Every structure is written in C-alpha cells, then in structure tokens.
Amino acid sequence: MMRAWGNRADTAVIDEPFYAYYLERTGKEHPGAEEVIAHGEIDWRKIVNQLTDAVPFGKPIFFQKQMVHHLLPEIDRGWMVDLTNCFLIRDPREVILSYIKKNPEPTLEDLGFVQQEKIFDFVRERINSVPAVVDAKDVLGNPERILRLLCHTVGVEFDKAMLSWPPGLRETDGIWAKHWYDEVARSTSFQPYTPREGDVPDRLREIYEQCRECYEKLYQHRLG
C-alpha cells in the first residue's frame, strides 16, 4: 500500500515514524534495532508534531504508514482524530505464519491486532463514523476496485499510478528496509493473492484466537 500511494506525484510518504521510539522504549530485539534507534526520532511528541505539521514538499496528500503496535499506550491519541485514518487488516493466520519467520515467539502485543481494534474504536467514537477498513486479501484480489473505493472514501481522486511502480527501494523507505522489504523491493505491482500454506503452531493457538476476534470485528466494516 505504501508503494501505491508513494507512486502518486501528489503524495508524500513516511514509513513507520514511531519505529525507533518503539524499539528504544521496549528493547525488542529486531533486526538492525541499534541502527534504527540511532537514525530515528525517539521523542514521540516530536514525531506527532512532524505528522500533524505541513505536508512535506508542499504536496496535498501525506501518506503515513503506521504499525499499531508502535503506538505505545503512553502516546497521546488525540492527534489521530485530526488525520484521515485508514485501517489495513490481514488474516491473523497469515500474519502469524509470516511473523514467526523473523521472530518465532511473538507475544499478543507484537502482532498488533488488539491495539488496532482499540485505535479503531477510539477513532470511530470521536469522529462519529466508521473509518475506512481495507482487507489485504481484497486489495490483492482486485487492486483497482479497492483502491478506487478507498480513494473515494477518503475524498481524493483515484490515480492509475497507484497500480504499478518501478522495482527497488525508495528514499522514503525506513532504514530497516534491507531487513524486511525484500519482496517489496522486487515488486512492480500488487501480486495476485495466494494463500499462505501452513497452520498456526499449537503454542500460538490462544494468541491466534484473540487476534481472530479483533480481526473479525474490523472485517465486518471493510470496503468492498
């Protein structure tokens, strides 16, 4: 999704601005963590100011890719209401099977589903309407249709540039891209959906069920 929006001429992009703060506060052992912290901002208030200030390069659209588990509880949530919030959801089975390739013992908090549901409820209550929800499988099944729906919902014109992009990394990618973005760097468009094979390990079944409840709550509101 970041590639799609980043390929628009009218859109500035920022990649996971709270990542360094999250790693510094939690001490999580992620690939390249020391480098991420050294090059990132670790004061959440300064990050919020950056996200709510003027859009970089004078562009009309500012796409901010966030990971909900990076938004730790001590971060004030009020600033979110001033932005247009969109929630990208994904089947927790596929999330877990992907995640354990890098971290075989994730906690419930690592996966972000509980935090995503709480933030969704927070935003929905304060704007008195349902924020946009997009399911990853739907995007891959029909990218143009879902992106058109999303653009309409958030009040911007759809741009066909969102459907394909040059391969490779971008200046707007986080410094962690070399650890996490191999498939993204090879991509030139949304690839057709192919189910991830495998079952959630027994040791993670309880976590999976909790994630599933959160996912299904948002799934009922998805566009499409």
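Residues numbered from 1 in each chain as written. Predicted model: local features only at pLDDT ≥ 70, side-chain atom pairs only at ≥ 80, totals over all residues. Heavy atoms only, no water.

(A) Geometry of the nonpolar core. F18, W79 and L111 are the most contacted members of the largest nonpolar core, which has 65 residues in total. In terms of residue count, the dominant contributor to this core is helix α12 (residues 205-219) (six residues). (Core = buried A, V, L, I, M, F, W, Y, C linked by side-chain atoms within 4.5 Å. Buried < 20%, exposed > 50% of the residue type's maximum accessible area, 1.4 Å probe, protein only. Helix = DSSP H or I, 4+ residues; strand = E, 2+ residues; numbered from the N terminus.)

(B) Layout of the packing of helix α5 (residues 92-99) against α12. Between α5 and α12, the least distance of the axes is 9 Å, while the angle of their chain directions is 135°. When the axes of α5 and α12 are compared, the pair comes out oblique. Note on element contacts: α12 touches α5 through Y208, C211, R212 and Y215, opposite P92, R93 and I96. Residue classes in the contact of α5 with α12 are distributed as five nonpolar, no polar and two charged. (Axes fitted to C-alpha atoms, helices over the stretch in contact; angles between N-to-C directions. Parallel < 35°, antiparallel > 145°, perpendicular 65-115°, else oblique. Contact = heavy atoms within 4.5 Å. Nonpolar A, V, L, I, M, F, W, Y, C, P; charged D, E, K, R; others polar.)

(C) Spotlight on the pattern of salt bridges. Throughout the structure, instances matching the rule amount to 18 salt bridges. D91 is the salt-bridge partner of R212, the closest N and O atoms lying 3.3 Å from each other. Taken together, the residues R212 in helix α12 and D91 in the loop between β3 (86-89) and α5 connect sequence positions 121 residues apart. Given a relative accessible area of 21%, R212 falls into the partly exposed group. Across the pair E144 and R148 runs a salt bridge, and its minimum N-O distance is 3.0 Å. Separated by four residues within a single helix, E144 and R148 lie in helix α9 (residues 143-154), roughly one turn from each other. Each of the salt bridges in this network shares a partner with another, and the network as a whole consists of D15, E16 and K65. (Salt bridge = Lys/Arg side-chain N within 4 Å of Asp/Glu carboxyl O.)

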